[in-house]
Structures are given as structure tokens and as C-alpha cells.
Amino acid sequence: MEKKKYLDPEVLARISNLDLRAKLVVEGFLTGLHHSPFKGFSQEFADYRPYILGDEPKRIDWKVYARRDRFYIKEYQEETNLRGYILLDKSGSMGYGEKITKLEYAKFLSACLAYLFFKQKDGVGIITFDTKINDFIPPSAKKINFTRLIETIEKANAGNETSLSRVLFELAQRIKRRGLVIIISDLFDFPEQVLKSLRSFRARKHEIIVFQVIDPKEHTFPFFETSIFEDLETGEQLIIQPDSIRESYRKKFEDFLNNYQKRMLEAHIDYQLMRTDTPYDRGLFAFLQKRARLL
Amino acid sequence: MNFLNPHFLFGLSFISIPIIIHFWFRKRLKRVSFSSLQFLKTAEEKRLRWLKLKEILILICRCIFVAGLFLGLSRPQLKSKFFAPNRLASVYLILDNSWSMGYGKNFFRAVETAEKFINQYSPQSEFFVLPLCPDENLKEPFWTNRDNALKMIKEIKLSYDSGRLKEILRRFPPKNMRYPLEYLYIGDAQELIFEELAPLNVKKFFVVRIPNGTNIGIERVSLKDPFAPSTNYYQLVVNIRNFSPSPCRGTVNLQSGDFNIQKESDIPPAGSVGVELTVPAGIKKGVIHFIEDSLMADNLYFFSKSIPGRLKILLVGEINQYLISALKPSIRIFSPVEVSVANTIRQVDLRKFNVIILNGISDISENDAMKLSDFLAKRNTGIIFLPGETAGDNLRKLLKNYDIKIQKKVTPQGYATIKYLDFDYPPFNIFKEVSGFKNIKFFNFFEISTQVKIRARLIGDYPLIVNNKNLLVFATNFSEENTDIMFHPVFVPLIHRLIYGIINQNFDNEFWVGDVVDTTKIIIGPDGEYFRGEKFTRPGFYTISGETIAVNVASKEGNLKVISREAMSSLNIQLIDPIKGLARQDLSISFLILSLFMVVMEMILLLI
């Protein structure tokens with residue numbers, strides 16, 4: 001039953017009609033919906049191109065020759081499965097939220113994405129981390145893998161401090177094969193270092209999608225009473241009069257988000273801000289639509 | 001630190017209240033778990049630091065408020081920095097009992113202060129208690145314990161004398177101390193007390209100063225002109241010195257029996273004036289004091305003067321009308337002298353006369369010479385010799401006993417005039433301002449050979465007036481062949497001053513407290529008692545052999561000028577106020593003000 005929580009039929013009914021297509025075609029050994037960079041013998045037509053010396057004569061499209069009186073080679077796109085890596089941040093700060101915590105939201109999102117991968121017969125793996133990598137399920141299109149993956153998502157609890165940039169850098173070293181890396185995190189780390197780590201993924205030809213999950217309260221800071229604010233990661237406490245710092249906080253936080261958005265765009269990394277008050281399926285839907293437009 | 005209301009110190013435990021409130025408030029605060037404080041910190045890092053500091057400052061303010069309130073109510077007292085309680089020392093204690101301490105209750109205060117300071121020391125401390133003006137009979141003091149020292153202090157009496165620390169330390173040098181030596185002087189710290197005192201080789205020399213009044217002193221009461229011929233009145237000069245730096249106006253009052261005279265006078269700062277009082281000739285003693293001064297004791301001045309009475313003069317030899325008219329100008333005018341005339345002294349009872357003038361006598365008998373010798377040996381008698389044509393052996397012999405030799409007669413070509421007059425000879429002081437002596441002509445005179453005082457000289461260094469004790473020789477007699485001095489205005493005053501100058505009269509029968517007494521004579525003290533001391537110890541009138549003398553306190557004692565800070569520094573002296581020196585400073589107000597200040601501070605902090 002718990003597993004089904006992440007596979008809400010309503011949610012999936014809305015997004016399963018959309019194709020999750022990776023921007024870059026990665027190598028794979030299962031046939032699927034994705035385009036392969038290796039054009040060759042395949043059922044999916046890619047393009048025509050003029051014949052050049054060295055091409056095998058058997059690849060000449062004689063029908064076109066008959067119409068145009070020129071030799072053209074018919075190219076096909078090889079269909080292959082996508083290797084997806086879902087990186088789920090389960091640091092202390094992700095445990096924040098009233099009705100739904102950021103982590104819960106991230107977990108829903110992870111499950112949806114995993115299911116999408118699975119349904120398209122793409123290999124999908126999950127990596128949970130805080131200061132270090134906690135769970136690493138390698139990508140696989142097998143059903144049993146999907147079950148393990150859902151279990152891993154299920155048991156992920158917010159805990160320690162985060163060291164996002166270091167973990168990402170470590171993962172970039174570890175994931176050898178190209179694939180689609182989906183990072184679901186609040187990105188509460190130094191942006192410079194996070195971006196540096198993401199660039200290292202890009203350097204290895206990975207396609208990256210970053211979902212930055214935030215809580216609306218983090219955005220609006222709707223506190224009024226003088227209170228002791230406790231850091232969920234470090235346990236540090238501060239007595240704060242919210243009225244006196246609200247404006248300043250909002251500005252800083254807005255700058256933080258805008259900075260990420262701008263820098264991600266510069267680095268050709270897909271970035272999507274996900275607030276936990278927005279129904280997660282809507283957010284996912286909007287994202288997939290955007291992806292569809294991009295492809 | 002001592003506390004007068006120590007039970008209020010329990011209130012200090014209430015300091016815990018603001019601390020408890022502080023932590024309770026913290027606990028009461030809503031706790032909000034937040035994803036990360038990094039944005040909150042960066043948002044208002046400075047402000048957060050200030051809030052944190054403000055919180056601590058408010059807590060401190062509240063704690064200090066409570067502490068200040070209860071410390072203030074407990075009346076904390078700071079002890080004197082000089083006199084830490086129970087200090088163990090050998091204390092050389094000098095209590096100033098000099099005359100100046102007689103002002104108001106000063107001596108009583110000094111005794112009380114001494115007791116308080118003694119009590120500051122440890123009971124094991126030893127004390128060497130001395131009055132600044134000790135009795136002659138004071139035996140060698142000894143080191144004693146605290147209780148005995150307290151008794152000894154009470155036994156010290158006020159003295160009429162002046163004292164010097166140097167003298168005390170010379171007479172009773174401290175020795176055989178068991179503990180570190182400390183000097184402790186308690187008194188008005190007059191500058192003169194420390195006169196000629198060399199720095200003492202001691203770490204602690206405390207001077208506890210008892211403040212005194214103003215400082216005016218009667219320095220001296222004298223006859224304005226002791227050699228003036230006696231009339232119905234004479235003039236006294238009262239010299240008053242103002243030791244203070246501000247001017248003083250007061251009244252000089254003379255009281256003698258029923259006679260009273262007053263005169264107002266202004267005395268400039270740090271200066272003196274001589275106030276002249278005209279006194280009837282019959283009043284020869286009295287008390288003068290200067291009203292308007294706080295220290296009356298040193299302004300009370302007893303005086304006793306020997307006012308020249310009506311002298312009886314015997315003129316022997318030639319009758320010289322000039323001389324007689326000079327001595328006795330007119331029967332209608334009061335004459336200070338009574339003149340008798342005789343050819344020889346053989347049949348005259350010399351005891352009736354004060355002065356004998358031998359005018360133009362060539363010689364006398366041996367018997368007469370002996371009579372004259374006896375006459376000269378008495379008090380208040382004198383002989384003036386005015387030589388005639390020659391001088392016989394007996395006369396020469398008499399004069400020789402006084403180291404005066406009459407030589408040959410000199411008749412200068414023309415005349416001789418006066419070359420020198422001894423203005424330092426008291427009777428001649430008045431002639432300093434008088435001119436005309438050089439116009440006096442001397443046609444004949446005797447040459448006088450002598451080693452004694454020459455009061456006047458003629459041109460050619462011939463002695464004109466020679467004086468030894470109460471014998472005076474004039475080089476010539478007053479006849480027109482010898483001189484024209486009789487026709488000069490100075491003649492009459494000169495004759496009178498020569499007479500009063502030789503009668504050996506002591507005009508001032510005055511002494512100071514501390515002067516040595518002639519113990520061979522019977523002395524009657526101020527209260528009619530037989531005086532048996534070796535020194536005068538108190539002021540007043542004393543009677544010695546029927547003669548009245550006045551004993552006074554030295555006027556310097558009236559100089560209350562306090563020893564300067566520079567002098568104290570050079571003597572390594574620490575000046576201590578008698579009240580503040582021991583005062584336990586009450587810190588209540590300070591603590592309560594601090595408390596109030598903390599309330600204000602907290603309000604300000606809360607408003608910021």
C-alpha cells in the first residue's frame with residue numbers, strides 16, 4: 001500500500017501520456033522510445049544524406065534515386081533504453097515542512113520519475129545521500145529493480161547535514177556510463193561548489209535535470225512571534241524577531257534561488273523550482289511539458 | 001568592606017531571579033525548526049549579533065540592579081586605605097598639645113582622634129606616646145601596649161608652650177622597636193612644628209591634621225619711645241601679625257583694671273601693623289587682645305612696662321643755667337625730672353637720686369669716689385660727667401674703673417664739629433631723621449682715651465660722648481666758652497636721652513613661655529601661688545622680688561600656617577584627614593545610583 005502512495009494512479013494517468021525523452025541519446029541495450037546517437041539499422045527513419053565514397057552501396061535508397069536521379073543514403077536512428085539516475089537529497093534541511101516535508105515531496109517526485117522510467121523500459125537507479133552516499137541502486141529496467149528502488153525511496157528519512165557539492169562530485173566520478181541524472185534537492189549548499197560539481201557531470205556527457213524543492217515558508221517566511229529558530233541540520237539555535245529580518249531574509253533567499261536559476265541556465269542544466277504547496281504532479285507535468293518542447 | 005545592615009545581603013540571592021526569568025523566557029519562546037539558519041544569519045548577521053548582545057546586556061543590567069539594590073541597602077562601608085585594621089606596628093605617637101591647639105575644642109578633638117587611630121592598630125602593637133610639648137619632669141617614655149597608650153593619651157594636658165618635632169625626636173629617639181616603626185603625629189600641623197626636621201628614615205610618617213582657625217598673632221607690645229621723658233601719658237605699640245593670606249580687620253583691646261581702651265585696625269594679608277595706644281603713665285601692666293580672630297588664645301598678650309617715672313637728678317658742681325632750664329623748662333610745665341643742686345656730694349644722701357650730673361668738677365675726695373661707685377652699682381642710677389678745667393686723681397681713678405681716661409684739654413683752631421653720632425645707641429635712634437648736629441661747634445674739649453663705646457665723635461676722631469654701663473662722659477661741659485650746643489634745638493632732647501640712656505632701665509618686663517626662670521628668687525605665679533618650675537609654663541603675670549613680669553605665648557604659635565605639601569613630600573610625610581583618614585566610606589548611595597542607572601539602561605536597551 002505504501003508503495004502505491006508513490007504511484008498514485010491519478011498522478012500517473014496525467015503524466016504517463018507524456019514521453020520522457022532524454023535530451024541526449026545514451027547508449028543502452030534495451031529497445032525503447034529513445035533515439036540513439038548511433039544511427040544504423042533500425043526501424044526508426046532518421047534522415048537522408050548524399051552518398052559519399054565509402055558508404056556501403058546496400059544502404060542506397062533506390063526509390064529516391066529513381067525520383068531524383070541522385071544517390072541518397074537512408075539513415076535510421078537506433079532505439080535504445082535510457083539510463084536514469086535519481087539523486088535524492090535526504091539531508092536534515094529536507095525534513096522541513098508542515099503538511100508535507102520537502103523530503104516527502106522529493107520522494108513522491110522520485111517515485112513518479114522512477115515509474116516513468118520503468119514504464120518506458122528505461123533503466124533507472126536511485127542514490128540517496130546526505131553528507132555521504134547512503135543508498136546506491138544501479139540503473140536497471142527489471143521489475144525487481146523497480147521494487148527495490150521504491151523500497152529505498154520509502155525508507156529515506158531526513159537526517160544529517162548535507163554536503164551536496166562533495167557528494168555530487170563523488171557521484172560524477174562513480175557514474176561511468178552516460179545517462180540522465182535527476183537531482184532532487186533543496187540545494188542548500190554553496191552555489192558555486194554545487195555548480196562546479198554539476199559541471200563535472202556535464203563533462204562526462206550526462207544530461208542533468210535539477211529539481212530544487214523548497215517549502216513555501218522558506219520562501220515567504222511567514223513568522224511573526226519572536227521565536228527560537230533551530231537549524232534542522234546543525235541543531236544551532238537563534239532567537240529571532242521575524243518582523244525585523246523578514247524583508248532582508250526574503251531578498252537573500254530570492255537572490256539565492258535566482259542565482260541558481262541563472263547559473264543553471266548558463267551551464268545548460270535543466271532546472272525546475274518545485275514548491276511543496278504546488279501539487280507535485282502539476283509541477284512534474286509542467287516540467288515534462290517543458291522537456292517535451294526542448295526535445 | 002563592612003556592612004551596617006548585613007542581613008540585606010541575603011537579598012543578593014535574588015540575582016537568580018533575572019537569570020531564571022532569562023532562561024524561562026528562552027524556554028517559553030516558541031521553538032521553530034527551520035531548514036537552515038544560513039539565510040537568517042546572512043540576512044541580519046549584525047543585527048543578530050546585537051540582539052544576542054542586547055539579551056545578555058539586559059540580563060546583566062537586571063543582575064546588577066538586584067545586586068546594587070541589596071548591596072546599597074546593606075550599607076557597605078569601605079575602610080580607610082591608610083589604616084587597614086589590626087596592623088601590627090611600633091607606633092611613635094606625638095600628640096600636639098601646643099598652645100595653638102587650645103583653639104575651640106581642638107585639643108579635645110585631637111585626643112579623640114588619637115584614640116580612634118590607636119584603636120586601628122592591632123592590640124599587639126606597641127606605642128610610644130609623647131606630647132609635642134612635654135613637661136620638664138617627663139621621664140623617658142617607654143613602649144607600651146594599646147590599652148596603656150589610650151590611658152596615656154587622656155593624661156596629656158594642653159600646654160602653653162610651642163613644640164618642635166625635631167626637639168622631641170632628639171630628646172626621645174625611638175629605639176628597641178619590635179615591629180616596623182611608624183610615626184603618627186596628631187595636631188594642627190603648623191609649619192613651625194616641622195622646622196629643621198630632617199627626613200626620617202621611616203616608611204610611614206602619618207600626620208593627622210586637626211583643622212585650626214585663622215591665624216593672627218600679637219607679636220610684641222612695646223613702648224613707642226622708651227627714652228622719651230615721662231609725661232602723664234605714654235604710647236604703647238601693639239605689633240599684630242596676620243599670618244593668613246587674607247586681610248583682617250579687628251579691634252585691639254587693652255584692659256588694665258578699670259581702664260579699657262580699644263582701637264580698630266586693618267591688618268594686611270601676610271603682614272603686620274603696629275597699633276599705637278595712648279596709655280596713662282600710671283598703668284604699667286595690662287592685657288591686650290585682638291578681637292575678631294578665631295584663635296583667641298594666642299592673641300592674648302600680657303604686658304608689663306617700666307615706664308620712666310619722675311627722675312630725681314642731682315646737679316653737682318657749677319650751676320649751669322642752660323642745663324637746669326633744659327631739664328626743668330618751666331614750673332608751669334610738667335617736668336619729667338626733679339632737679340636738686342649741690343656744690344659737693346659730701347653731705348648729700350645719694351640714695352634719693354637717680355642720676356647725678358657732675359658738672360665741671362676737677363676732683364673729688366676718696367670718700368666721695370667710693371660713694372659714687374656704690375651709687376653706680378645700684379639699679380636705675382647713672383652718672384653724667386661733664387669735665388671742668390682739670391680732672392683730679394680720685395676722679396680719674398673712678399673713671400678708670402670704667403675704662404675711661406681723661407687726657408689733655410684740646411682747643412682746636414676755630415672749632416670742632418660732630419663727625420659721628422651712634423644712631424644704633426637706642427636713645428639716639430630718634431635723631432636719625434634730625435639734621436643740624438654738624439652745625440654744633442665745640443671750642444674746647446678734653447681728649448678722652450677709651451676702649452668702650454663711643455656714642456659720638458668730633459672731627460679729628462676725638463670722642464665726644466663715651467658711655468660705659470651707667471656712666472657717661474661728655475668731652476666738655478655746657479658753657480659758652482666750650483660749645484654752642486645749648487643754643488641748638490637738639491640740646492633738650494639730647495640731655496634727656498643721655499639721662500634716660502644711662503639709668504639702665506629695662507622697659508620690657510616680658511618673657512615667653514618656656515623661658516628659664518631665675519629660681520633663686522621667690523616667684524609668685526599668676527594665681528598668687530608660689531611658682532616652683534624651672535621654666536615658665538603658662539602665660540600671665542608673675543611677681544619676682546616685688547616686680548611684675550608678663551609671660552606670654554610666642555606669637556609664632558599663632559602662625560597656623562600648615563606645613564606645605566612640598567615640605568611634607570620632602571619629609572616623606574603622608575597627610576591624613578582625621579575624619580576621612582579613618583572614614584569608612586559609605587557606598588550605599590553609589591550602589592543605589594548604580595541600581596537606578598541599570599533600570600534606565602534596561603529601558604534604553606528595550607527601546608532600541
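Nothing here was measured: the structure is a model prediction, and the numbers come from that model. (Residues numbered from 1 in each chain as written. Chains lettered and ligands numbered in written order. Predicted model: local features only at pLDDT ≥ 70, side-chain atom pairs only at ≥ 80, totals over all residues. Heavy atoms only, no water.)

What follows covers the sheet that holds strand 8 (residues 227-231) of chain A. Pairing is mixed across the open sheet formed by three strands, whose spatial order is 9(A)-8(A)-2(B). Each of the sheet's edge strands pairs with one partner strand only, and the pair in question is strand 9 (237-240) of chain A together with strand 2 (30-34) of chain B. With strand direction ignored, the average angle separating the axes of adjacent strands in the sheet is 30°. (Pairing = 2+ DSSP bridges. Helix = DSSP H or I, 4+ residues; strand = E, 2+ residues; numbered from the N terminus. Axes fitted to C-alpha atoms, helices over the stretch in contact; angles between N-to-C directions.)

Let us look at the UniProt feature "transmembrane region" (unreviewed entry) in chain B. In the UniProt entry, the feature "transmembrane region" (unreviewed entry) is given for residues 6-25, 56-73 and 587-607 of chain B. End-to-end, the C-alpha atoms of residues 56-73 of chain B are 26 Å apart, and along that stretch the chain is 100% helix and 0% strand. (UniProt positions renumbered as here; feature names shortened; annotations may be inferred.)

Right, let's get into helix 10 (residues 491-502) of chain B. Each full turn of the α-helix corresponds to 3.6 residues, which orients residues three or four apart in the same direction. All names here are of chain B. With twelve residues, helix 10 extends 17 Å from end C-alpha to end C-alpha; this agrees with the ideal 16 Å at 1.5 Å per step. The element helix 10 is extensively covered by neighbouring structure, given that ten of its twelve residues are classed as buried. Of all the residues in helix 10, the buried ones are Phe 491, Leu 494, Ile 495, His 496, Arg 497, Leu 498, Ile 499, Tyr 500, Gly 501 and Ile 502. Two residues or fewer past helix 10, Asn 504 is found with a positive phi of approximately 55°. (Expected span 1.5 Å × (residues − 1). Buried < 20%, exposed > 50% of the residue type's maximum accessible area, 1.4 Å probe, protein only.)

All names here are of chain B. For strand 18 (residues 382-386), the tally of buried residues reaches five of five residues, placing the bulk of the element in the interior. By the alternation rule, side chains of strand 18 split into Gly 382, Ile 384 and Leu 386 and Ile 383 and Phe 385, which are all buried. Crossover handedness for the path strand 17 (residues 355-359) to helix 8 (residues 366-377) to strand 18: right-handed. Inspection of the sheet shows strand 18 paired to strand 24 (residues 471-474) by three bridges, in the parallel sense. Following the sheet pairing, Ile 383 is matched in strand 24 by Leu 471. (Right-handed = clockwise from strand over helix to strand, strands pointing away.)

Let us now look at empty space enclosed by the protein. Residues and elements named next belong to chain B. The final tally for this structure, using the stated rule, is one cavity of 30 Å³ or more. Computed from the structure, the largest cavity encloses a volume of approximately 50 Å³. Taken together, Leu 323, Ile 357, Ile 384, Leu 386, Leu 472, Phe 474, Phe 478, Ile 495 and Leu 498 make up the full set of residues lining the largest cavity. Within the residue set of the lining of the largest cavity, elements represented by two or more residues are strand 18, strand 24 and helix 10. (1 Å grid on protein atoms, 1.4 Å probe; cavity = no way out; pocket = protein on both sides within 12 Å on 5 of 7 lines; lining within 4 Å. Points joined across faces, edges and corners; volume = space filled by probe spheres on them.)

Residue and element names in this part refer to chain A. One can find Asn 145 in helix 5 (residues 143-155). Side-chain polar atoms of Asn 145 contact the backbone oxygen of Ser 140, separated by 3.1 Å. Discounting chain neighbours no more than four positions away, the residues touching Asn 145 are Val 124, Ile 137, Pro 138, Pro 139 and Ser 140. (Polar contact = N/O pair within 3.5 Å; in protein donor to acceptor, adjacent residues only side chain to side chain. Contact = heavy atoms within 4.5 Å.)

What follows deals with the layout of surface pockets. As a volume, the largest pocket reaches approximately 1100 Å³. The wall of the largest pocket is formed by 43 residues, among which Cys 133, Pro 134, Asp 135, Glu 136 and Ser 159 of chain B lie closest to the centre. Counting contributing residues, the lining of the largest pocket receives three or more from each of domain 2 (90-213 + 560-583) and domain 3 (216-308 + 508-557) of chain B. Of the pockets and cavities examined, the second largest pocket occupies roughly 540 Å³. In terms of lining residues, the second largest pocket is bounded by 20 residues, among which Ile 239 of chain A together with Phe 25, Leu 51, Lys 54 and Glu 55 of chain B are the most central. Secondary structure elements with two or more residues in the lining of the second largest pocket: strand 9 of chain A together with helix 1 (16-28) and helix 3 (45-73) of chain B. Of all the elements, helix 3 of chain B adds the most residues to the lining of the second largest pocket, at nine residues. For the lining of the second largest pocket, the per-class residue count stands at eleven nonpolar, four polar and five charged. (Domains from an automatic or database assignment. Nonpolar A, V, L, I, M, F, W, Y, C, P; charged D, E, K, R; others polar.)

Where interface size is given, it is often the accessible area lost as the parts come together that is meant. Counting residues at the interface gives 21 residues for chain B, matched by 30 residues for chain A. Considering only the side of chain B, the residues that lose the most area to chain A are Phe 34, Ser 35 and Phe 39 of chain B, jointly responsible for 26% of the buried surface there. Inspection of the region where chain B meets chain A yields zero salt bridges. At the surface where chain B touches chain A, the tally comes to eight residue pairs in polar contact (both at pLDDT 80 or more). Secondary-structure elements contributing two or more residues to the side of chain B that touches chain A are strand 2, helix 2 (38-43) and helix 3 of chain B. The dominant element in the side of chain B that touches chain A, judged by the number of residues it contributes, is helix 2 of chain B, at six residues. Residues belonging to the side of chain B that touches chain A are distributed by class as follows: nine nonpolar, five polar and seven charged. When strand 8 of chain A meets strand 2 of chain B, the two strands line up parallel, connected through five bridges. Within strand 2 of chain B, the position partnered with Glu 230 of chain A by the bridge is Ser 33 of chain B. (Buried area = accessible area lost by both parts, 1.4 Å probe. Salt bridge = Lys/Arg side-chain N within 4 Å of Asp/Glu carboxyl O.)

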